[in-house]
Amino acid sequence: MMPIVVVPGSAVSRVEPFLAAVGWQSAAVEEGDATAKAALSLARSGRPVLFAPAGIDLRTPLRRILVVHGGTRGDRPGIDAADEAAVASGAEVIVLHVPSPVPSRTSASLPYRISDHGTYDWEEWRDEFLRRFCRCSEGVEVSLLVGAASATGLREQLRDEHADLVITSITRRPEPGVDAAREAVFDVATPVLMVPSLGHDRRGREARRP
């Protein structure tokens, strides 16, 4: 895990014990705008960002880590960060699959969402999802939930999980539908770690080519 930028910068004294509990450290802190929108914009630049405004409870030790996952290989960094934190803290990892409104065509993604299946397919689909996207270190407990279709339902689901930390992978460019749902994480009184998605830097370099 690279050093993590803290937003807002005034939270760094509260955040450092939280980060140290899982073997992470704060980097340069962000002294500017302390809103979720500013933190998300900073994360799109390619740096891990922890959003922890006043009023958010930074609990140590961690017991429950929730990872928002879109069902593609691009979300691997979120799983890796959760695994790292779980190994250090003994926390369990809950993966919340937030499906795109349109089935992904990305290489190594699942071609169909669980919402496209009957209930008789759930166990098989769940096992395949965990095998393909959620491999963690030995001893780390991992479970899978399917996110609600609406942002309102997702907010309620996130609150019901009572996670100590929410982790989500962020792409350089917005992804309609997926991003709208993932922004619900900022409405829950939980610190949010945003990490660059797999391929984030490569896409950025390609975008800058003449």
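Residues numbered from 1 in each chain as written. Predicted model: local features only at pLDDT ≥ 70, side-chain atom pairs only at ≥ 80, totals over all residues. Heavy atoms only, no water.

Caption draft 1: Quick look at the sheet that holds strand β3 (residues 64–69). As summarised here, the arrangement of the seven strands in space is β1-β2-β7-β6-β3-β4-β5, forming an open sheet in which the pairing is mixed. Each edge of the open sheet is held by one strand with a lone partner, namely β1 (5–7) and β5 (142–146). Pairs of neighbouring strands in the sheet enclose a mean axial angle of 25 degrees, with direction left out of account. Along the sheet, helix α1 (residues 12–20) contacts β1, β2 (49–51) and β6 (165–170); its crossing angle with β2, the most-contacted strand, is approximately 115 degrees. Of the strands in this sheet, β1, β2, β6 and β7 (192–196) touch helix α2 (residues 36–43), which is tilted by about 170 degrees from β2. (Pairing = 2+ DSSP bridges. Helix = DSSP H or I, 4+ residues; strand = E, 2+ residues; numbered from the N terminus. Axes fitted to C-alpha atoms, helices over the stretch in contact; angles between N-to-C directions. Contact = heavy atoms within 4.5 Å.)

Caption draft 2: Looking closely at the pairing of β7. Summarising burial for β7: five of the five residues are buried, a large majority. On β7, burial covers both faces: V192, M194 and P196 on one face and L193 and V195 on the other are all buried. Pairing between β2 and β7: three bridges, direction antiparallel. Each residue of the ladder has a partner; that of F51, found in β7, is V192. (Buried < 20%, exposed > 50% of the residue type's maximum accessible area, 1.4 Å probe, protein only.)

Caption draft 3: The pattern of salt bridges, seen in detail. The tally for this structure, following the rule as stated, stands at nine salt bridges. D127 serves as the salt-bridge partner of R126, at 3.2 Å between the closest nitrogen and oxygen. Take R126: its relative accessible area is 23%, and that puts it in the partly exposed class. Of the charged contacts, one joins E128 and R131 as a salt bridge, the two residues approaching to 2.8 Å between their closest N and O atoms. You can see E128 and its partner R131 sitting in helix α4 (residues 122–133), three residues apart, about one turn around the helix. With a relative accessible area of 22%, E128 lands in the partly exposed category. Each member of the salt-bridge network shares a partner with another, and the members are D57, R59 and D164. (Salt bridge = Lys/Arg side-chain N within 4 Å of Asp/Glu carboxyl O.)

Caption draft 4: Structural view of the confidence of the model for the chain. Mean pLDDT over the chain works out to 80, with 76% of the residues at or above the 70 mark. At the low end of the mean pLDDT range in the chain sits helix α7 (residues 200–208), at 39; at the high end sits helix α3 (residues 76–89), at 95. Under a pLDDT of 50 for its full length, residues 201–210 has, in the predicted model, seven contacts with residues more than four places off or in other chains. (pLDDT = per-residue confidence, 0-100.)

Caption draft 5: Focus on the packing of aromatic side chains. Going through the model one piece at a time under the given rule, you end up with two aromatic pairs. Here the aromatic rings of F51 and F186 are separated by 5.5 Å at their centres, their planes lie at 85 degrees, and the arrangement is edge-to-face. Residue F51 is found in strand β2, and its partner F186 is found in the loop between α6 (178–182) and β7; the two are separated by 135 residues along the sequence. The pair F51 / F186 is uniform in exposure class, with both members buried. A ring pair is formed by F129 and F133, whose centres lie 5.0 Å apart and whose planes are at 65 degrees; its orientation type is edge-to-face. Of this pair, F129 and F133 both sit in helix α4, four residues apart, roughly one helical turn. When sorted by exposure, F129 lands in the same class as F133, which is buried. (Phe/Tyr/Trp six-rings, centres within 6.5 Å; stacked < 30°, edge-to-face > 60°.)

Caption draft 6: Just the environment of S197, in detail. Mapped onto the fold, S197 is located in the loop between β7 and α7. Residue S197 is classed as buried on the basis of its relative accessible area, which comes to 6%. Residues S197 and T72, 125 residues apart in the sequence, show an inter-C-alpha distance of 10.0 Å.

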